[in-house]
2 protein chains.
Amino acid sequence: MQRPDEKKRQKITATAAKLFATRPFHEVRLDDVAAAAQVGKGTLYIYFKSKEDLYRSLIHDGVMQIMEQLSQSITNDLSPGDALEKTIRLMVTFAYAHPYLFELMRAIDSFKGRESLLPARRQLIGFIEQVLRRGADQQSWTDPHPQLTAVFIPGLIRSAILYGPKDIKEKALADQILRLFRHGLQKETFR
Amino acid sequence: MQRPDEKKRQKITATAAKLFATRPFHEVRLDDVAAAAQVGKGTLYIYFKSKEDLYRSLIHDGVMQIMEQLSQSITNDLSPGDALEKTIRLMVTFAYAHPYLFELMRAIDSFKGRESLLPARRQLIGFIEQVLRRGADQQSWTDPHPQLTAVFIPGLIRSAILYGPKDIKEKALADQILRLFRHGLQKETFR
DNA sequence: CGGTCAAAACTGACCCGTCAGTATTGTAAA
DNA sequence: TTTACAATACTGACGGGTCAGTTTTGACCG
């Protein structure tokens, strides 16, 4: 007897991620996904309810992975400043390690008009927001709108990855974002 | 009646923008666009080569509009600081005035014909980059990667509009972004 | 071990609804 | 009468999803 094979699921996932990252949703053919994953088309429907479900899973899995890493390494014994730095570096590292995820998110939209903003995404934003709030509470910094700043972080990474100079390196990106958060465009700072 | 009616073209454009902003590309029916625009389906094909061409035009027109407004109001007699502030405020205002554009941009680079959109975007980024470089040249601030910072600006606006708290107001968003650029999360500044 | 079998996984040809795009018709204005 | 276009009918490709048939797996038994 075969159990739904986790290996196979991941093979499909990995393959699909590449395709969905390359072209928009409506240009991805499930026949192509199946072929590329060396799997029968029907098999896709064993692991995923529909094309949309497959797509959503890709993003969900990715976001959950980041979440896991974050909640594992951002502990409360860190100073707010260290927590923010770690958060940003970790997310940037992740973006470089999984070049497809941020491309995928391009089309993360309300399918069917439902305002079904992926719960996973909300969770991630919530996590970042907590980091920001903690810093504000402890007077490490001030932020009139932590929730806004929270969405900024993935937004910055996304725009850099998608539209930034292609030769920009991981460290440079993280440094630039941190710089922005620490003292904006100001020459130097003491902090 | 004349053939190339600019009014009609804009009616189609405005209507289509709403629909494309509401649902993903593949869920928009040209029958619906035509009906909503009170225009015959065939008429769409007088003004646009294809569904994709229509979509592309929406974004292209939008980006060009921003560009025009920017290049008109950001003159070299402004101090770098003022230029940056104006740039950001103008873009935020535009985003609020055209709530659909940034939703549309979700998939700006996902089409076969994406290349035709890139020049417009590049132009916009290039413009912002110049503003940033001018500030750096004149010692108003420092920026190791102006090109990166340039893509940050639309990225920040986009993420706020798409994923930020829905009740955030225009001024608050612009202020928050400016704050970030001026002194990051630091409490206060003199600048 | 080897054989038997059931259950589940897998496959891919095929079905069938859906639209993008086109052609036709009706009509109102000029 | 002619022009322009809304309305509407039409069509054909296309691709998501299905399912009858095939293969694989592992449990149980002698």
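The following paragraphs examine the structure supplied in this document.

**Some remarks on the interface of chain B and chain A**
Working step 1: With 50 residues of chain B at the interface, the matching set in chain A holds 52 residues.
Working step 2: Here chain B is connected to chain A by zero salt bridges.
Working step 3: Seen at the junction of chain B and chain A, the total is 14 residue pairs in polar contact (both at pLDDT 80 or more).
Working step 4: Among the elements that take part in the side of chain B that touches chain A, helix 8 (residues 146-163) of chain B stands out by supplying eleven residues, more than any other.
Working step 5: The residue inventory of the side of chain B that touches chain A, partitioned by class, reads 22 nonpolar, 16 polar and twelve charged.

**What to know about the relation of the copies chain B and chain A**
There are two copies of the chain, and a rotation about an axis plus a shift along that axis relates them.
Working step 1: Its rotation angle being 180 degrees, the transformation that places chain B on chain A also includes 0.2 Å of axial translation and leaves an RMSD of 0.5 Å. The relationship between the two copies is best expressed as a two-fold rotation axis.
Working step 2: Taken together, the interface assignments show that 96% of the residues at the interface of chain B recur at the interface of chain A, consistent with an identical surface on both copies.

**Points about the environment of His145(B)**
Working step 1: Structurally, His145(B) is set in the loop between helix 7 (118-137) and helix 8.
Working step 2: Take His145(B): its relative accessible area is 29%, and that puts it in the partly exposed class.

**With respect to the packing of aromatic side chains**
Working step 1: This structure, assessed with the given rule, holds six aromatic pairs over all chains.
Working step 2: Between Phe20(A) and Phe25(A), the ring centres sit 5.9 Å apart and the planes meet at 25 degrees, which makes this aromatic pair stacked.
Working step 3: Classification of Phe20(A) as buried rests on a relative accessible area of 2%.
Working step 4: Of the residues examined, Phe25(A) reaches a relative accessible area of 11% and is grouped as buried.
Working step 5: Each member of the aromatic cluster is reached from another via a ring pair, and the members are Phe20(A), Phe25(A) and Tyr55(A).
Working step 6: Sitting over the ring of Tyr163(A), Arg121(B) keeps its end group 3.5 Å from the ring centre.

Calculation criteria
- Per chain, the residues get numbers from 1 upward, laid out in the order the sequence is written.
- Written order determines the labels here, with chains lettered from A and ligands numbered from 1.
- Local features in this predicted model are restricted to residues whose pLDDT is 70 or higher, and side-chain atom pairs enter the listing and the counts only when it is 80 or higher, whereas totals over whole chains, interfaces and linings include all residues.
- Where side-chain values are given, they derive from all heavy atoms of the structure, hydrogens and water being excluded.
- Pairs of residues are marked as contacts when any of their non-hydrogen atoms sit within 4.5 Å.
- Criterion for a salt bridge: a side-chain nitrogen of Lys or Arg within 4 Å of a carboxyl oxygen of Asp or Glu.
- Two N or O atoms form a polar contact when they lie within 3.5 Å of each other; inside protein one atom must be a possible hydrogen donor and the other a possible acceptor, and for residues adjacent in sequence the pair counts only when both atoms belong to side chains.
- Going along the chain from the N terminus, every DSSP run of H or I of four or more residues is numbered as a helix, and every run of E of two or more is numbered as a strand.
- Throughout, the ten residues Ala, Val, Leu, Ile, Met, Phe, Trp, Tyr, Cys and Pro are labelled nonpolar, Asp, Glu, Lys and Arg are labelled charged, and all others, Gly among them, are labelled polar.
- Least squares is used to superpose the copies, and the fit set is the C-alpha atoms of residues whose pLDDT is at least 70 in both copies.
- Relative accessibility decides the category of a residue: with a 1.4 Å probe and only protein chains considered, values under 20% of the type maximum give buried, values over 50% give exposed, and everything between is partly exposed.
- Aromatic contacts are taken between Phe, Tyr and Trp rings whose centres are within 6.5 Å, Trp giving its six-membered ring; a plane angle under 30 degrees counts as stacked, one over 60 as edge-to-face, and the others as tilted.
- To sit over a ring, a charge needs its Lys NZ or Arg CZ within 6 Å of the ring centre and within 35 degrees of the ring normal.

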